[in-house]
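Descriptive analysis of the structure
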Amino acid sequence: MAPASKPTTRMWLLLLQGMLIGTGAILPGVSGGVLCLAFGLYEPMIQLFTHPLATLRRHLRLFLPLIGGGLVGFVLLARVVEYLLTVSSGPTMTLFAGLIFGTVPALFQKTVRGEEKKPTAWVGFVLSLALSFTLFQVLDEGPKDAFLQPGAGLFLFCGAVWGLSMLLPGLSSSSVLLFLGLYQPMAQGIGHLDWGVLLPMGAGFLLTILLLARLVSWLLERYYVGLTRVLLGFALASTLMILPTSFPGAGTLALSCLTFAGGFALAFWMGGKDKR
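Residues numbered from 1 in each chain as written. Predicted model: local features only at pLDDT ≥ 70, side-chain atom pairs only at ≥ 80, totals over all residues. Heavy atoms only, no water.

Description of the packing of helix α12 (residues 183–191) against helix α13 (residues 195–242)
Packing of α12 against α13 leaves a shortest axis separation of 8 Å and a crossing angle of 110°. Classified by the angle between their axes, α12 and α13 sit roughly perpendicular to one another. Taking contact as the criterion, the partners of M186, G189 and I190 in α12 are, on α13, V197, L198 and M201. Here the contact of α12 with α13 is composed, by residue class, of 5 nonpolar, 1 polar and no charged. (Axes fitted to C-alpha atoms, helices over the stretch in contact; angles between N-to-C directions. Helix = DSSP H or I, 4+ residues; strand = E, 2+ residues; numbered from the N terminus. Parallel < 35°, antiparallel > 145°, perpendicular 65-115°, else oblique. Contact = heavy atoms within 4.5 Å. Nonpolar A, V, L, I, M, F, W, Y, C, P; charged D, E, K, R; others polar.)

Right, dumping it as structure tokens:
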């Protein structure tokens, strides 16, 4: 019986890791790709995306509990987030903002590889931050009705953005969807197993993975530092746009500060796990 305990323990560990990756995929501020890196699963995940059938045949015992746990975490947390956004949107949004800002120190450490002294080292970061913030400002000043009536096409877009967050560690798809007004209806559809949401999202995710996995693998191998800096600028711009600017009272403001600090501490801890 003793030899069988190790495979069983590993299966439960993979199931738990899959649940955490699934919750990271749906939770604003936490990238599923970053959690894959933290657990040492990013490389086999990219292999799965680029060569799915061959990789599954070789590593079925690895991916079966991992994928199952990811689906469970993805669906269960959606209802929690939907509830939090409904009952207390301000502190919930500052929690998400803290989660995003908490990943910044780890991302900065990953982008410093002896190139920081070059004059052009941070051009990609500055351009990404400025251009994406300007784009978000333009979208914010435009009509909001399009964002309030999501349909199959927009849920397809949600799935595509979610796929990118798995391929590009550090990219939090949910923060972008929050700003566009798509996150709450998406989370509601997932939590209630609405196939009108799940099917186009799944299609968008799979199309993104099939079309871009090999390209992303090639870019990360050759331009990891520059690509990470561009993602960092994009993440910061989207976070600045979702920060609440007014609060109904001092109690809500204090609670929002606490949730921001808690989110920052949790993401900073995850960044330390990723580094180790």
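Points about the packing of helix α3 (residues 42–50) against α13
Relative to each other, α3 and α13 sit at 125°, their axes nearing to 8 Å. Taken together, the axis directions place α3 and α13 in an arrangement best described as oblique. In the crossing of α3 with α13, the sense of the turn from one axis to the other is left-handed. Residues Y42, I46, F49 and T50 of α3 form the contact with α13, whose own contacting residues are F205, I209, A213, R214, V216, S217 and L220. A per-class count over the contact of α3 with α13 returns 8 nonpolar, 2 polar and 1 charged. (Left-handed = near helix turned anticlockwise from the far one by under 90°.)

Focus: the side chain of S128
In this structure, S128 sits in helix α8 (residues 123–141). Judged by its relative accessible area of 11%, S128 is buried. The contact partners of S128, leaving out residues within four places of it in the chain, are F133, V230, G233 and F234. (Buried < 20%, exposed > 50% of the residue type's maximum accessible area, 1.4 Å probe, protein only.)

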